[in-house]
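One-letter residues, chain by chain:
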Amino acid sequence: MIVLERGPEPAKQTSSVAAGMLAPISETLATEVPLMRLGLASVQAYPGFVEELTGATGMDTGYLRCGTLLAARDGDEAEALSRELALRERFGLTVHRLRASEARRLEPALAPTLRLALDVPDDHAIDPRKLTAALAAAFTRVGGELRTSARVAEVVARGERVTGVRLAGTGEQLSAEHVVMAAGVWSEEVDGLADEARVPIHPVKGQILRLHDPSGPGLLTRVVRFTGGYLVPRGDGRYVLGATMEERGFDTSVTAGAVFELLRDAFELLPSVTELVIDELSAGLRPATPDNLPAIGPGARAGLHWAAGHFRHGILLTPITAQIALAGITGEDPGELAAQFAPSRFSGIPVAA
Ligand code: GLY
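If you're wondering where the values come from, they're calculated on a predicted model, not measured in any experiment. (Residues numbered from 1 in each chain as written. Predicted model: local features only at pLDDT ≥ 70, side-chain atom pairs only at ≥ 80, totals over all residues. Heavy atoms only, no water.)

K.L.:
Outline the overall build of the protein, supporting the account with residue identities and numerical values.
P.N.:
The helix and strand tally for the protein stands at seven helices and 17 strands. Scaling as 2.2 N^0.38, a compact globule of 353 residues should have a C-alpha radius of gyration of about 20 Å, and the protein matches this with 21 Å. Oriented by its inertia axes, the alpha-carbon framework of the protein measures out at about 65 × 40 × 40 Å. Expressed as a percentage of its 353 residues, the buried residues of the protein come to 52%. Across the protein, the 34 positively charged side chains and the 44 negatively charged ones have centroids separated by 1 Å. (Helix = DSSP H or I, 4+ residues; strand = E, 2+ residues; numbered from the N terminus. Rg over C-alpha atoms; globule rule 2.2 N^0.38 Å. Buried < 20%, exposed > 50% of the residue type's maximum accessible area, 1.4 Å probe, protein only. Lys, Arg positive; Asp, Glu negative; His and termini not counted. Charge placed at Lys NZ, Arg CZ, Asp CG, Glu CD.)

Here it is, written out as C-alpha coordinates:
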(Lines give C-alpha, C1' and ligand atoms only; values in the text may rest on other atoms or scores of the structure.)
Protein backbone atom coordinates (compact mmCIF):
# COMPACT_ATOMS: atom_id res chain seq x y z
CA MET A 1 0.00 0.00 0.00
CA ILE A 2 1.23 3.50 -0.82
CA VAL A 3 -0.04 6.57 1.02
CA LEU A 4 0.56 9.88 -0.74
CA GLU A 5 0.96 12.46 1.97
CA ARG A 6 1.33 16.15 1.32
CA GLY A 7 3.74 16.84 -1.51
CA PRO A 8 4.18 17.22 -4.35
CA GLU A 9 7.60 18.83 -3.76
CA PRO A 10 9.24 19.10 -0.38
CA ALA A 11 10.12 22.71 -1.12
CA LYS A 12 6.46 23.48 -1.66
CA GLN A 13 5.28 21.80 1.50
CA THR A 14 3.85 24.17 4.03
CA SER A 15 2.85 23.67 7.59
CA SER A 16 -0.85 22.93 7.87
CA VAL A 17 -3.18 25.08 9.95
CA ALA A 18 -3.05 22.42 12.62
CA ALA A 19 -3.59 23.88 16.06
CA GLY A 20 -4.66 20.47 17.31
CA MET A 21 -8.14 21.15 18.63
CA LEU A 22 -10.18 18.00 19.14
CA ALA A 23 -13.38 19.94 19.28
CA PRO A 24 -16.37 18.53 17.43
CA ILE A 25 -18.77 20.00 19.98
CA SER A 26 -17.42 23.55 19.81
CA GLU A 27 -16.63 23.67 16.12
CA THR A 28 -19.71 22.27 14.47
CA LEU A 29 -22.10 24.62 12.74
CA ALA A 30 -25.85 23.98 12.57
CA THR A 31 -25.39 23.01 8.91
CA GLU A 32 -22.74 20.40 9.68
CA VAL A 33 -24.45 17.69 11.71
CA PRO A 34 -22.90 14.76 9.77
CA LEU A 35 -19.47 16.29 10.38
CA MET A 36 -20.22 16.63 14.08
CA ARG A 37 -21.17 12.94 14.25
CA LEU A 38 -17.95 11.99 12.46
CA GLY A 39 -15.95 14.23 14.82
CA LEU A 40 -17.62 12.73 17.88
CA ALA A 41 -16.80 9.22 16.65
CA SER A 42 -13.20 10.33 16.15
CA VAL A 43 -12.78 11.90 19.61
CA GLN A 44 -14.18 8.74 21.14
CA ALA A 45 -11.44 6.80 19.35
CA TYR A 46 -8.71 9.24 20.44
CA PRO A 47 -7.81 7.90 23.91
CA GLY A 48 -7.25 4.38 22.55
CA PHE A 49 -5.43 5.72 19.50
CA VAL A 50 -3.06 7.82 21.62
CA GLU A 51 -2.48 4.98 24.08
CA GLU A 52 -1.60 2.62 21.22
CA LEU A 53 0.78 5.14 19.66
CA THR A 54 2.51 5.93 22.94
CA GLY A 55 2.75 2.24 23.76
CA ALA A 56 4.32 1.49 20.38
CA THR A 57 6.79 4.38 20.36
CA GLY A 58 7.23 5.65 23.91
CA MET A 59 6.61 9.12 22.43
CA ASP A 60 4.40 11.81 23.88
CA THR A 61 1.64 13.12 21.58
CA GLY A 62 0.79 16.20 23.63
CA TYR A 63 -2.76 14.90 24.16
CA LEU A 64 -4.31 17.31 26.66
CA ARG A 65 -7.73 16.62 28.15
CA CYS A 66 -8.21 20.30 28.86
CA GLY A 67 -11.75 21.19 27.79
CA THR A 68 -12.75 24.29 25.84
CA LEU A 69 -14.40 27.61 26.61
CA LEU A 70 -16.34 29.51 23.96
CA ALA A 71 -16.16 33.19 24.85
CA ALA A 72 -18.36 36.14 23.88
CA ARG A 73 -17.12 39.72 24.03
CA ASP A 74 -20.37 41.59 23.43
CA GLY A 75 -24.14 41.22 23.19
CA ASP A 76 -24.14 39.97 19.59
CA GLU A 77 -21.56 37.32 20.31
CA ALA A 78 -23.43 36.31 23.47
CA GLU A 79 -26.62 35.86 21.47
CA ALA A 80 -24.76 33.76 18.91
CA LEU A 81 -23.36 31.60 21.74
CA SER A 82 -26.87 31.09 23.14
CA ARG A 83 -27.94 29.71 19.75
CA GLU A 84 -24.87 27.44 19.70
CA LEU A 85 -25.83 26.19 23.16
CA ALA A 86 -29.37 25.37 22.06
CA LEU A 87 -28.09 23.35 19.09
CA ARG A 88 -25.78 21.29 21.27
CA GLU A 89 -28.47 20.72 23.89
CA ARG A 90 -30.71 19.33 21.16
CA PHE A 91 -28.05 16.69 20.51
CA GLY A 92 -27.63 15.86 24.20
CA LEU A 93 -24.05 17.18 24.25
CA THR A 94 -22.49 18.47 27.45
CA VAL A 95 -22.22 22.25 27.30
CA HIS A 96 -22.65 24.58 30.29
CA ARG A 97 -23.57 28.23 30.12
CA LEU A 98 -21.28 30.29 32.38
CA ARG A 99 -21.68 33.82 33.59
CA ALA A 100 -18.57 35.91 33.04
CA SER A 101 -17.64 35.69 36.72
CA GLU A 102 -17.92 31.87 36.64
CA ALA A 103 -15.79 31.66 33.51
CA ARG A 104 -13.18 33.93 35.10
CA ARG A 105 -13.03 31.67 38.13
CA LEU A 106 -12.09 28.82 35.77
CA GLU A 107 -9.71 30.93 33.70
CA PRO A 108 -8.58 34.00 35.66
CA ALA A 109 -6.68 35.37 32.64
CA LEU A 110 -9.98 36.16 30.89
CA ALA A 111 -10.73 39.88 30.68
CA PRO A 112 -13.34 41.46 32.98
CA THR A 113 -15.13 42.62 29.84
CA LEU A 114 -16.07 39.02 29.00
CA ARG A 115 -19.84 38.85 28.41
CA LEU A 116 -20.68 35.16 28.44
CA ALA A 117 -18.95 31.81 28.03
CA LEU A 118 -19.86 28.22 27.25
CA ASP A 119 -17.92 25.47 28.96
CA VAL A 120 -17.39 22.44 26.72
CA PRO A 121 -15.59 19.97 29.00
CA ASP A 122 -15.30 17.19 26.40
CA ASP A 123 -13.48 19.15 23.67
CA HIS A 124 -9.74 18.71 24.08
CA ALA A 125 -6.45 19.30 22.22
CA ILE A 126 -3.34 17.53 20.97
CA ASP A 127 0.01 18.69 19.62
CA PRO A 128 -0.12 17.94 15.87
CA ARG A 129 3.66 18.02 15.47
CA LYS A 130 4.21 15.51 18.26
CA LEU A 131 1.35 13.39 16.95
CA THR A 132 2.83 13.33 13.45
CA ALA A 133 6.29 12.41 14.75
CA ALA A 134 4.81 9.56 16.81
CA LEU A 135 2.79 8.30 13.83
CA ALA A 136 5.89 8.33 11.62
CA ALA A 137 7.88 6.43 14.26
CA ALA A 138 5.09 3.86 14.75
CA PHE A 139 4.82 3.37 11.00
CA THR A 140 8.54 2.74 10.48
CA ARG A 141 8.72 0.48 13.54
CA VAL A 142 6.25 -1.92 11.97
CA GLY A 143 8.32 -2.01 8.78
CA GLY A 144 6.74 0.83 6.81
CA GLU A 145 9.03 2.75 4.48
CA LEU A 146 8.67 6.50 4.73
CA ARG A 147 10.03 8.57 1.84
CA THR A 148 9.96 12.14 3.03
CA SER A 149 11.57 13.83 0.07
CA ALA A 150 9.98 12.02 -2.83
CA ARG A 151 7.58 13.85 -5.15
CA VAL A 152 4.84 11.79 -6.71
CA ALA A 153 4.37 12.84 -10.31
CA GLU A 154 1.40 10.62 -11.15
CA VAL A 155 -0.66 7.65 -10.22
CA VAL A 156 -0.13 4.72 -12.56
CA ALA A 157 -2.95 2.49 -13.79
CA ARG A 158 -3.35 -0.74 -15.71
CA GLY A 159 -6.66 -0.53 -17.50
CA GLU A 160 -9.11 0.94 -15.03
CA ARG A 161 -7.16 -0.13 -11.95
CA VAL A 162 -4.59 2.03 -10.18
CA THR A 163 -1.46 -0.06 -9.64
CA GLY A 164 1.03 2.35 -8.10
CA VAL A 165 2.72 5.71 -8.48
CA ARG A 166 5.59 7.18 -10.47
CA LEU A 167 8.05 9.48 -8.74
CA ALA A 168 9.22 12.73 -10.29
CA GLY A 169 12.91 13.14 -11.02
CA THR A 170 14.10 9.55 -11.08
CA GLY A 171 10.90 8.26 -12.73
CA GLU A 172 10.96 5.36 -10.29
CA GLN A 173 7.72 3.42 -10.29
CA LEU A 174 6.34 1.99 -7.07
CA SER A 175 3.71 -0.72 -7.34
CA ALA A 176 0.93 -1.25 -4.85
CA GLU A 177 -2.40 -2.97 -4.68
CA HIS A 178 -3.80 0.09 -2.95
CA VAL A 179 -2.85 3.76 -3.16
CA VAL A 180 -4.25 6.30 -0.68
CA MET A 181 -4.43 9.90 -1.82
CA ALA A 182 -3.74 11.94 1.31
CA ALA A 183 -1.91 14.82 -0.36
CA GLY A 184 -4.14 17.61 0.95
CA VAL A 185 -4.21 20.71 -1.24
CA TRP A 186 -1.56 19.16 -3.46
CA SER A 187 -3.80 16.29 -4.58
CA GLU A 188 -4.73 18.23 -7.70
CA GLU A 189 -1.09 18.34 -8.81
CA VAL A 190 -0.73 14.57 -8.92
CA ASP A 191 -1.26 13.60 -12.57
CA GLY A 192 -2.74 10.44 -14.01
CA LEU A 193 -6.38 10.90 -13.09
CA ALA A 194 -9.27 12.15 -15.20
CA ASP A 195 -11.22 15.05 -13.67
CA GLU A 196 -14.21 12.86 -12.92
CA ALA A 197 -12.05 10.49 -10.87
CA ARG A 198 -10.78 13.29 -8.64
CA VAL A 199 -11.95 14.97 -5.48
CA PRO A 200 -11.87 18.74 -6.11
CA ILE A 201 -9.77 20.38 -3.40
CA HIS A 202 -8.81 24.02 -3.01
CA PRO A 203 -6.59 25.77 -0.44
CA VAL A 204 -7.94 28.02 2.31
CA LYS A 205 -5.09 29.91 3.91
CA GLY A 206 -4.75 30.17 7.67
CA GLN A 207 -2.16 32.26 9.50
CA ILE A 208 -1.12 31.18 12.94
CA LEU A 209 1.19 32.33 15.78
CA ARG A 210 3.12 29.99 18.04
CA LEU A 211 3.92 31.60 21.38
CA HIS A 212 5.30 30.73 24.77
CA ASP A 213 5.01 32.16 28.25
CA PRO A 214 8.50 32.79 29.71
CA SER A 215 7.03 32.33 33.19
CA GLY A 216 5.85 28.80 32.39
CA PRO A 217 2.45 27.13 32.13
CA GLY A 218 -0.74 28.26 33.83
CA LEU A 219 -1.91 31.39 32.02
CA LEU A 220 -4.64 29.36 30.38
CA THR A 221 -5.58 25.75 31.01
CA ARG A 222 -8.45 25.36 28.52
CA VAL A 223 -8.71 26.09 24.80
CA VAL A 224 -10.46 29.45 24.39
CA ARG A 225 -12.40 30.05 21.20
CA PHE A 226 -13.84 33.37 20.13
CA THR A 227 -15.24 34.97 17.01
CA GLY A 228 -12.32 35.08 14.61
CA GLY A 229 -9.89 32.85 16.48
CA TYR A 230 -8.74 30.54 19.21
CA LEU A 231 -5.92 30.18 21.70
CA VAL A 232 -4.81 26.61 22.36
CA PRO A 233 -2.61 25.79 25.36
CA ARG A 234 -0.08 22.99 25.01
CA GLY A 235 0.07 22.48 28.79
CA ASP A 236 3.73 23.44 29.05
CA GLY A 237 3.58 27.20 28.64
CA ARG A 238 3.34 27.09 24.84
CA TYR A 239 0.27 28.39 22.97
CA VAL A 240 -1.07 28.48 19.44
CA LEU A 241 -3.08 31.50 18.36
CA GLY A 242 -5.00 31.13 15.13
CA ALA A 243 -6.22 31.41 12.58
CA THR A 244 -7.27 33.48 9.61
CA MET A 245 -9.51 32.10 6.87
CA GLU A 246 -8.36 33.43 3.51
CA GLU A 247 -9.03 32.50 -0.11
CA ARG A 248 -5.60 33.29 -1.57
CA GLY A 249 -4.73 30.27 -3.61
CA PHE A 250 -1.37 28.78 -2.69
CA ASP A 251 -0.02 31.99 -1.12
CA THR A 252 1.58 31.26 2.25
CA SER A 253 2.99 34.65 3.11
CA VAL A 254 2.57 35.87 6.67
CA THR A 255 1.09 39.35 6.80
CA ALA A 256 1.33 42.07 9.43
CA GLY A 257 -2.42 42.66 9.16
CA ALA A 258 -3.32 39.08 10.02
CA VAL A 259 -0.91 38.97 12.96
CA PHE A 260 -2.30 42.29 14.19
CA GLU A 261 -5.93 41.14 13.95
CA LEU A 262 -5.31 37.81 15.68
CA LEU A 263 -3.45 39.50 18.53
CA ARG A 264 -5.99 42.32 18.79
CA ASP A 265 -8.93 39.89 19.06
CA ALA A 266 -7.13 37.65 21.54
CA PHE A 267 -6.05 40.67 23.59
CA GLU A 268 -9.66 41.78 24.06
CA LEU A 269 -10.37 38.50 25.86
CA LEU A 270 -6.95 37.66 27.28
CA PRO A 271 -4.98 40.85 27.87
CA SER A 272 -1.87 39.00 29.02
CA VAL A 273 -1.43 37.51 25.54
CA THR A 274 0.85 40.49 24.94
CA GLU A 275 3.31 39.12 27.53
CA LEU A 276 3.86 35.97 25.48
CA VAL A 277 6.97 35.50 23.36
CA ILE A 278 6.47 34.83 19.65
CA ASP A 279 8.27 31.62 18.60
CA GLU A 280 6.92 31.27 15.09
CA LEU A 281 4.62 32.91 12.57
CA SER A 282 3.34 30.69 9.82
CA ALA A 283 0.68 30.22 7.21
CA GLY A 284 -0.76 26.89 6.15
CA LEU A 285 -3.25 25.72 3.57
CA ARG A 286 -6.43 23.92 4.58
CA PRO A 287 -7.63 21.42 1.99
CA ALA A 288 -11.29 22.29 1.32
CA THR A 289 -13.75 20.39 -0.85
CA PRO A 290 -16.79 22.09 -2.44
CA ASP A 291 -19.03 20.95 0.46
CA ASN A 292 -16.32 21.44 3.13
CA LEU A 293 -16.57 17.77 4.10
CA PRO A 294 -13.71 15.29 3.80
CA ALA A 295 -13.52 12.57 1.19
CA ILE A 296 -12.66 9.23 2.81
CA GLY A 297 -12.66 5.78 1.27
CA PRO A 298 -12.57 4.19 -2.18
CA GLY A 299 -12.96 6.52 -5.13
CA ALA A 300 -14.02 6.08 -8.72
CA ARG A 301 -10.88 4.16 -9.73
CA ALA A 302 -10.27 0.69 -8.32
CA GLY A 303 -7.16 0.63 -6.15
CA LEU A 304 -7.27 4.35 -5.36
CA HIS A 305 -8.60 5.48 -1.98
CA TRP A 306 -8.99 9.01 -0.65
CA ALA A 307 -8.22 10.51 2.73
CA ALA A 308 -8.37 14.15 1.73
CA GLY A 309 -10.27 17.41 1.98
CA HIS A 310 -10.41 17.55 5.78
CA PHE A 311 -10.45 21.35 5.71
CA ARG A 312 -10.34 22.51 9.38
CA HIS A 313 -10.59 19.07 10.94
CA GLY A 314 -7.64 16.95 9.83
CA ILE A 315 -6.20 16.30 13.28
CA LEU A 316 -9.59 15.75 14.90
CA LEU A 317 -10.58 13.26 12.21
CA THR A 318 -7.31 11.30 12.12
CA PRO A 319 -8.44 8.10 13.93
CA ILE A 320 -11.82 7.85 12.22
CA THR A 321 -10.25 8.58 8.82
CA ALA A 322 -7.81 5.72 9.36
CA GLN A 323 -10.68 3.40 10.32
CA ILE A 324 -12.83 4.26 7.30
CA ALA A 325 -9.94 4.22 4.83
CA LEU A 326 -8.73 0.88 6.17
CA ALA A 327 -12.21 -0.61 5.91
CA GLY A 328 -12.27 0.44 2.24
CA ILE A 329 -8.93 -1.26 1.65
CA THR A 330 -9.79 -4.51 3.43
CA GLY A 331 -13.33 -4.59 2.04
CA GLU A 332 -14.95 -4.39 5.48
CA ASP A 333 -18.05 -2.40 6.32
CA PRO A 334 -16.89 1.18 7.10
CA GLY A 335 -20.01 1.85 9.18
CA GLU A 336 -23.08 3.91 8.30
CA LEU A 337 -21.34 7.24 8.99
CA ALA A 338 -18.93 6.73 6.11
CA ALA A 339 -21.51 6.99 3.30
CA GLN A 340 -21.83 10.78 3.62
CA PHE A 341 -18.09 11.20 3.13
CA ALA A 342 -17.69 8.91 0.12
CA PRO A 343 -15.36 10.47 -2.50
CA SER A 344 -17.73 9.39 -5.27
CA ARG A 345 -20.17 12.16 -4.31
CA PHE A 346 -18.02 14.48 -6.44
CA SER A 347 -17.80 12.36 -9.56
CA GLY A 348 -21.21 10.78 -9.82
CA ILE A 349 -19.26 7.68 -10.80
CA PRO A 350 -20.07 4.61 -8.73
CA VAL A 351 -17.34 3.45 -6.34
CA ALA A 352 -15.03 1.02 -8.12
CA ALA A 353 -14.82 -2.58 -6.91
N1 GLY B 1 -8.06 23.50 12.57
C2 GLY B 1 -7.92 24.83 12.90
C3 GLY B 1 -8.12 25.75 11.78
O4 GLY B 1 -8.40 25.33 10.68
O5 GLY B 1 -8.01 26.93 11.97
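K.L.:
An account of the site of the ligand is requested, with residue identities and associated values reported.
P.N.:
All residues in the neighbourhood of the ligand are listed as Val-17, Met-21, Tyr-230, Ala-243, Arg-286 and Arg-312. Within the side chain of Tyr-230, a nitrogen or oxygen atom sits 2.7 Å from an oxygen atom of the ligand. About the coverage of the ligand: the protein hides 94% of its 190 Å² of free accessible area. Partitioning the shell around the ligand into residue classes produces four nonpolar, no polar and two charged. (Near = heavy atom within 4 Å. Polar contact = N/O pair within 3.5 Å; in protein donor to acceptor, adjacent residues only side chain to side chain. Areas by Shrake-Rupley, 256 points an atom, 1.4 Å probe, with all protein chains shown as cover. Nonpolar A, V, L, I, M, F, W, Y, C, P; charged D, E, K, R; others polar.)

K.L.:
Let's hear about helix H6 (residues 256-269): which residues, and what values?
P.N.:
Look at H6: 20 Å from first C-alpha to last across 14 residues, which is about the 20 Å you get at 1.5 Å a residue. Within H6, the full set of buried residues consists of Ala-258, Val-259, Leu-262, Asp-265, Ala-266 and Leu-269. Taken down its axis, H6 places every buried residue within 140 degrees of arc, on the same side. Structural note: H6 exposes Ala-256 and Phe-260 on the side pointing more than 90 degrees away from its buried face. (Expected span 1.5 Å × (residues − 1). Arc of directions from axis to C-beta.)

K.L.:
Please provide a residue-by-residue account of the packing of aromatic side chains, values included.
P.N.:
Applying the stated criterion to the full structure yields three aromatic pairs. Three or more aromatic residues joined by ring pairs form one cluster here, namely Tyr-46, Phe-49 and Tyr-63. (Phe/Tyr/Trp six-rings, centres within 6.5 Å; stacked < 30°, edge-to-face > 60°.)

K.L.:
Hey, could you go over the packing of helix H2 (residues 33-57) against helix H5 (residues 128-141) for me, with residue numbers and the actual values?
P.N.:
The N-to-C vectors of H2 and H5 enclose an angle of 60 degrees; their axes lie 9 Å apart at closest approach. What the angle tells us is that H2 and H5 run oblique. Pair H2 / H5 crosses with left-handed handedness. Residues Tyr-46, Phe-49, Leu-53, Ala-56 and Thr-57 of H2 form the contact with H5, whose own contacting residues are Leu-131, Ala-134, Leu-135, Ala-137, Ala-138 and Arg-141. (Axes fitted to C-alpha atoms, helices over the stretch in contact; angles between N-to-C directions. Parallel < 35°, antiparallel > 145°, perpendicular 65-115°, else oblique. Left-handed = near helix turned anticlockwise from the far one by under 90°. Contact = heavy atoms within 4.5 Å.)

K.L.:
Run through helix H3 (residues 75-90), naming residues and quoting values.
P.N.:
Taking 1.5 Å of rise per residue, the 16 residues of H3 would be expected to cover 22 Å, and the 23 Å separating its terminal C-alpha atoms lies within 8% of that figure. Every buried residue of H3 is accounted for by Glu-77, Ala-78, Leu-81, Leu-85, Leu-87 and Arg-88. Contact partners of the buried residues in H3: helix H1 (24-27), strand S3 (68-72), strand S4 (96-99) and strand S5 (116-120). Sitting at the head of H3, Asp-74 places a side-chain oxygen 3.2 Å from the backbone nitrogen of Asp-76. Just downstream of H3 lies Gly-92, where phi reads positive at about 70 degrees.

K.L.:
Mind laying out the sheet that holds strand S14 (residues 238-242), listing which residues take part and the relevant values?
P.N.:
Pairing within the open sheet is mixed, and its eight strands lie in the order S4-S5-S3-S12-S13-S14-S11-S15. Across the chains shown, the open sheet's two edge strands, defined by having one partner strand only, are S4 and strand S15 (277-288). Within this sheet the neighbouring strands show an average axis-to-axis angle of 20 degrees, counted without direction. Looking at chain direction, strand S13 (residues 229-233) and S14 are connected through four bridges and run antiparallel. Each bridged residue has a counterpart across the sheet, and for Leu-231 the counterpart in S14 is Leu-241. Across the face of the sheet, H3 comes into contact with S3, S4 and S5 while running at roughly 30 degrees to S5. Where H6 meets the sheet, its contacts fall on S3, strand S11 (202-212), strand S12 (223-226), S14 and S15, and the angle it forms with S11 comes to roughly 55 degrees. (Pairing = 2+ DSSP bridges.)

K.L.:
Can you explain the side chain of Asp-265? Please cite residues and give values.
P.N.:
Looking at the secondary structure, you find Asp-265 in helix H6. Of the residues examined, Asp-265 reaches a relative accessible area of 13% and is grouped as buried. Residues within four places of Asp-265 in sequence aside, it is in contact with Arg-73, Phe-226 and Thr-227.

K.L.:
Give me the lowdown on the pairing of strand S1 (residues 2-5), citing residues and values where you can.
P.N.:
Where a strand is regular, its side chains alternate between the two sheet faces. The two faces of S1 differ: Ile-2 and Leu-4 on one face are buried, but Val-3 and Glu-5 on the other face are not. Pairing analysis gives four bridges linking S1 to strand S10 (residues 179-182), with the strands arranged parallel. Across the sheet, residue Val-3 finds its bridge partner in S10, namely Val-180.

K.L.:
Mind laying out the environment of Arg-264, listing which residues take part and the relevant values?
P.N.:
By the secondary structure assignment, Arg-264 is in helix H6. Under the relative-accessibility criterion, Arg-264 is labelled partly exposed at 34%. Separated by 52 residues in the primary sequence, Arg-264 and His-212 place their C-alpha atoms 17 Å from one another. Only 3.2 Å separates the side chain of Arg-264 from the side chain of Asp-265, close enough to count as a polar contact.

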